[in-house]
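# Summary of structural features
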Amino acid sequence: MHTGSGTVGLLLVMTLAGAAAGGETQVEPEVASKMLASQTEQFEQQVVEVTDNVYTAVGFHGANTSMIVGTDGVIIVDTLFGPSSAARAFEALRAYSDKPVKAIIYTHSHGDHTGGATAFAGDKRPDIYATENFGVAEGATAAAGPIKARRGSRQFGRNLSPSETTNRGVAPANTADHDRGKGFIPPNVRVPPEGLKTTIAGVDVEFHPAPGETDDAMFLWLPDEKVLFAGDNFYHAFPNLYAIRGTAYRNVLNWSESVAKMAEFRPHFLVPGHTMPVRGEETAVAMLSDYSEAIRSVYDQTVQGMNEGKGPDQLAHEVDLPEHLRDKPYLIEFYGTVPHAVRAIYAGLLGWFDGNPTTLNPLGPKVKAQKVAALAGGTRKLTAQMQAALVQEDYQWALELADHVKWLEDGDRELARTVKIAALRGLAAREYNAPNRNYYQSYANELESGALSELWH
Ligand SMILES: [Zn+2]
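Only a predicted model underlies this, so the values are computations on that prediction, with no experimental measurement involved.

### Quick look at the overall build of the chain
Regarding its fold elements, the chain presents 16 helices and 13 strands. Taking 2.2 N^0.38 as the reference for a compact globule, 457 residues should give roughly 23 Å; the C-alpha atoms of the chain span a radius of gyration of 23 Å, in line with that estimate. Its C-alpha atoms give the chain principal-axis dimensions of roughly 80 × 45 × 45 Å. The buried share among the 457 residues of the chain stands at 47%. Of the contacts made within the chain by residues no fewer than 6 positions apart, 71% connect residues no fewer than 24 positions apart.

### Quick look at the sheet that holds strand β11 (residues 227-231)
Across the sheet, six strands lie side by side as β8-β9-β10-β11-β12-β13; this open sheet has mixed pairing. In the strand order of this sheet, the two ends are held by β8 (196-200) and β13 (278-279), each with one partner.

### Describing the sheet that holds strand β3 (residues 65-69)
Picture the strands of a sheet paired through backbone hydrogen bonds; they go either parallel or antiparallel. The seven strands lie next to each other as β1-β2-β3-β4-β5-β6-β7, forming an open sheet whose pairing is mixed. Each edge of the open sheet carries a strand with a single partner, namely β1 (46-49) and β7 (189-191). When strand polarity is set aside, the average angle formed by the axes of neighbouring strands in this sheet is 20°. Taken together, the three bridges between strand β6 (residues 127-131) and β7 define a ladder with parallel strand orientation. Considered in β7, the bridge of Ala130 is made with Arg190. Contacting β1, β2 (54-58) and β3, helix α3 (residues 83-93) runs over the sheet at an angle of about 140° to β2.

### With respect to the nonpolar core
Ranked by internal contacts, the top residues of the largest apolar core, which has 93 residues, are Ile76, Ile105, Ile295 and Ala341. The leading source of residues in this core is helix α9 (residues 281-307), at eight residues. In contact with Ile105, not counting residues within four places along its chain, are Ile75, Ile76, Val77, Tyr129 and Leu220. Counting residues in hydrophobic clusters, the runner-up holds 20 residues, among them Ala369, Leu401, Val405 and Ala416.

### Considering the pairing of β6
Counted residue by residue, β6 has four buried out of five residues, so it is predominantly covered. The sheet contact formed by strand β5 (residues 101-105) and β6 spans three bridges and is parallel. The residue bridging Ile105 from the neighbouring strand is Tyr129, located in β6.

### Concerning unusual backbone geometry
One non-glycine residue, Leu80, lies in positive phi territory at about 65°. As for its placement among the helices and strands, Leu80 is situated in the loop between β4 (74-77) and α3. Overall, Leu80 belongs to the buried group, with 31 C-beta atoms counted inside 10 Å. Positive phi, close to 60°, is recorded for Glu393, a residue that is not glycine. Positionally, Glu393 belongs in the loop between α13 (379-391) and α14 (395-405).

### A word on the domain arrangement of the chain
By a widespread convention, an interface's size corresponds to the accessible area lost as its parts come together. Under the domain assignment used here, the chain contains domain 1 (8-298 + 330-337) and domain 2 (363-449). In this structure, domain 1 and domain 2 have C-alpha centres spaced 37 Å apart. At the junction of the two partners, domain 1 supplies 25 residues and domain 2 supplies 15 residues. Going through the elements one at a time, α2 (29-40) and α7 (145-156) are the ones with two or more residues in the side of domain 1 that touches domain 2. Counted by class, the side of domain 1 that touches domain 2 contains ten nonpolar, ten polar and five charged residues.

### Points about the environment of Phe90
Along the chain, Phe90 falls in helix α3. A sequence separation of 23 residues divides Phe90 from Met67, and the C-alpha atoms of the two residues are 8.6 Å apart. Those residues in contact with Phe90 that lie beyond four places of it in its chain are Ala119 and Phe120.

### Quick notes on the environment of Arg154
Examined against the element boundaries, Arg154 turns out to sit in helix α7. On a C-alpha basis, the gap between Arg154 and Ser442 in space is 5.3 Å, while along the polypeptide they are 288 residues apart. If near-sequence neighbours (up to four positions away) are discounted, Arg154 is found in contact with Asn438, Tyr439, Ser442 and Tyr443.

About the thresholds
- Residues numbered from 1 in each chain as written.
- Predicted model: local features only at pLDDT ≥ 70, side-chain atom pairs only at ≥ 80, totals over all residues.
- Helix = DSSP H or I, 4+ residues; strand = E, 2+ residues; numbered from the N terminus.
- Rg over C-alpha atoms; globule rule 2.2 N^0.38 Å.
- Buried ≥ 20, exposed ≤ 12 C-beta atoms within 10 Å, placed from the backbone.
- Contact = placed C-beta atoms within 7 Å.
- Pairing = 2+ DSSP bridges.
- Axes fitted to C-alpha atoms, helices over the stretch in contact; angles between N-to-C directions.
- Core = buried A, V, L, I, M, F, W, Y, C linked by C-beta atoms within 7 Å.
- Domains from an automatic or database assignment.
- Nonpolar A, V, L, I, M, F, W, Y, C, P; charged D, E, K, R; others polar.

Here it is as structure tokens:
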């Protein structure tokens, strides 16, 4: 079990992460690869004996699933993505108890925690616990389902080849996803907003609704064992306060407060929704306190900047974690990033308009490309600048210029496409934030294969 700084791998990560500052997640390619390989140790497939009666199966799919053993039955916490991965995890957990399943608990409604319930329930119908507002988050953005699915595939790197694959930030790559959601059973016991204390299979269990990654999240507390199941409000990486696959605003302030509330319980064992369980009161409390503070600090800095009239582009480059939190291995931006969080907070509180009247009605991309080309001295000179940026490994600038060239009637659209593919791969190789890396790489492959339209949508 990880204690937060006790392994060589994590110390390596801490040292290497120092190479990137200011919310940047770009480092030398070898460093990025080593960091991601080290993070992969957080979800290698195994069953962790958390206590005498709590077992957590890590790495059987993206998330964790746990079994609490009581006097006359077991309780399952989260059920993975589909029945096949859930069945394999349950088989491994069954080595520790063959008592019947008395209850299943969903910490929140995301599919990687709810899709495999039938594998645990079998023919029986145990009680299924979830919060009263279970499912609200996904329902709100259902209309955008088709594009969310495409963007989600890129974020998780679902179509990448093994050589292009690293991990998903807080989850392994190459999981079995074919039976997504096929084992979902709707909850029949709803936890009210004020929480619930009960006894299941002789085990005292407390349910505490705690909005964060989703509004329908809760954490579980076992008062006798001092085990806290955090769901996805805590895992070993900077939190995904915004998901680039596309999400409605995740209430960042609530998330920070929910994690602070968890710290008040002073758990001796902390079981995250993803990544390895943590042992030790001091370590667990420090992690939760730091996590809450990190989220709160990003929120406060962003709000302060907003109130000074600054826009998201500026703030995304200015806001950073407080100095004393930057070297914490559980806050490295393997999953969420600070600049993405800043943009999400801005849009969540004020919407898309940055307050600058220039952006009330900006030029359309085609007109803007024509004017940029004229400014550069013509399309040929703009194209030469684009190629030079790629040669100089100024990849972000190469992308931005390629996006202009593709709109020009007299532009070499094929060359622009080639430059964009190369620049995306250049960024991907240096990226240690897994969603960014997977997205860059996936999009490059789509461009190369001709899967996208002429204008690269
Ligand atoms: Zn999850």
